[in-house]
Amino acid sequence: MREVLLTALGVGGATLVGTLLGFCFKRLSHRFSDIVLGFAAGVMLAAAVLGLIMPSLDYGGRFGLLTTVGGIFVGAVCLNLIDKLVPHLHKLAGADPESHHNAQLSKVLLFVTAIAIHNLPEGIAAGVGFGAGDSTQAMLIAGGIALQNIPEGMVIIGPMLAAGISPRRTFVCAALTGLVEVVGTLIGYFAVSVASAILPFALAFAGGTMLYVISDEMIPETHAHGSQRGATYALLIGFCVMLVSDTLLG
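Remember, predicted model here, so these are calculated numbers, not experimental data.

1. Let's talk about helix H3 (residues 64–85)
Stage number 1. Under the 1.5 Å per step criterion, the end-to-end length of H3 is 32 Å for 22 residues, consistent within 8% with the ideal 32 Å.
Stage number 2. Of the residues making up H3, those classed as buried are Gly64, Thr68, Gly71, Ile72, Gly75, Ala76, Leu79, Ile82 and Asp83. Down the axis of H3, the buried side of the element spans an arc of 120°, and every buried residue falls inside it. Of the exposed residues in H3, the ones pointing more than 90 degrees away from its buried face are Leu66, Phe73, Lys84 and Leu85.

2. Notes on the side chain of Thr209
Stage number 1. Note on placement: Thr209 falls in helix H8 (residues 199–222).
Stage number 2. By relative accessible area, Thr209 is classed as buried at 2%.
Stage number 3. With sequence-adjacent residues up to four places away left out, Thr209 is seen in contact with Gly75, Ala76, Leu79 and Pro121.

3. Points about helix H2 (residues 30–59)
Stage number 1. Helix length check: H2, at 30 residues, gives a terminal C-alpha distance of 41 Å against a target of 44 Å (1.5 Å per residue), a fit within 8%.
Stage number 2. At Ala48, H2 shows its maximal bend, which comes to roughly 25°.
Stage number 3. Note on H2: the residue one or two positions beyond its end, Gly61, has a positive phi of about 70°.

4. Quick look at empty space enclosed by the protein
Where empty space is left can be seen by rolling a probe of water-molecule size over the atoms.
Stage number 1. Evaluated as defined, the whole model comprises one cavity of 30 Å³ or more.
Stage number 2. In this structure, the largest cavity occupies an estimated 40 Å³ of space.
Stage number 3. Lining the largest cavity are Ala46, Ala47, Leu50, Gly51, Gln137, Leu140, Ile141, Met242 and Asp246.
Stage number 4. Elements with a minimum of two residues in the lining of the largest cavity: H2, helix H6 (135–162) and helix H9 (228–249).
Stage number 5. Its residues assigned to classes, the lining of the largest cavity shows six nonpolar, two polar and one charged.

Each value, and the rule that gives it
Residues numbered from 1 in each chain as written. Predicted model: local features only at pLDDT ≥ 70, side-chain atom pairs only at ≥ 80, totals over all residues. Heavy atoms only, no water. Helix = DSSP H or I, 4+ residues; strand = E, 2+ residues; numbered from the N terminus. Expected span 1.5 Å × (residues − 1). Buried < 20%, exposed > 50% of the residue type's maximum accessible area, 1.4 Å probe, protein only. Arc of directions from axis to C-beta. Contact = heavy atoms within 4.5 Å. Bend = angle between axes of the 7 residues up to and from the residue. 1 Å grid on protein atoms, 1.4 Å probe; cavity = no way out; pocket = protein on both sides within 12 Å on 5 of 7 lines; lining within 4 Å. Points joined across faces, edges and corners; volume = space filled by probe spheres on them. Nonpolar A, V, L, I, M, F, W, Y, C, P; charged D, E, K, R; others polar.

In structure tokens, the structure reads:
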């Protein structure tokens with residue numbers, strides 16, 4: 001349990017690391033951020049496949065394939081519904097800074113809310129990994145999610161400061177989005193620990209949510225500023241780093 005708590009704090013704390021970097025480096029180039037995000041996407045892709053989806057097949061028993069495929073699609077559909085209920089992250093991130101202050105502030109608050117909501121299933125994915133009983137795989141999954149949280153934390157800073165929110169309140173809001181991920185990690189862990197029968201579906205569900213985030217948000221973002229070639233190779237490097245880690249530590 002102690003290991004789970006420390007990992008949950010690490011996953012959530014990665015958002016704060018990104019936030020601090022965002023304060024220090026407010027003018028990072030799109031190329032740099034796209035390459036970092038591409039690498040994170042590769043890490044998360046490997047974590048989703050190797051750490052969640054493949055173990056789901058192993059634990060699924062007689063109906064393993066059906067359970068895994070169903071769980072992947074249910075996880076993706078759930079995030080799709082969330083996207084319909086809350087504004088899309090990148091539309092909000094690109095809000096016009098010249099718009100009316102109150103309207104801009106509302107958009108930014110919705111932007112932060114959207115990030116927080118998307119962090120919940122990512123935290124659950126980390127917790128489910130620990131619930132499966134494989135600490136090595138769980139740490140790799142959590143590491144991939146934490147790595148993705150760093151550029152995400154950096155993205156929060158600019159829109160909030162531009163909307164006139166003080167640096168202190170900006171940091172607090174970023175901390176709250178990270179806290180959501182800590183809560184999600186604990187929910188995922190306890191849910192699987194209490195009801196081990198749902199483990200195969202929960203693993204596939206978590207994998208589906210991660211695949212959705214990678215395809216719907218991370219990859220399009222890395223291809224939106226003319227740095228798609230570098231971002232693509234960064235994704236491949238991230239995937240291979242996780243593959244090598246999984247092979248050596250497995």
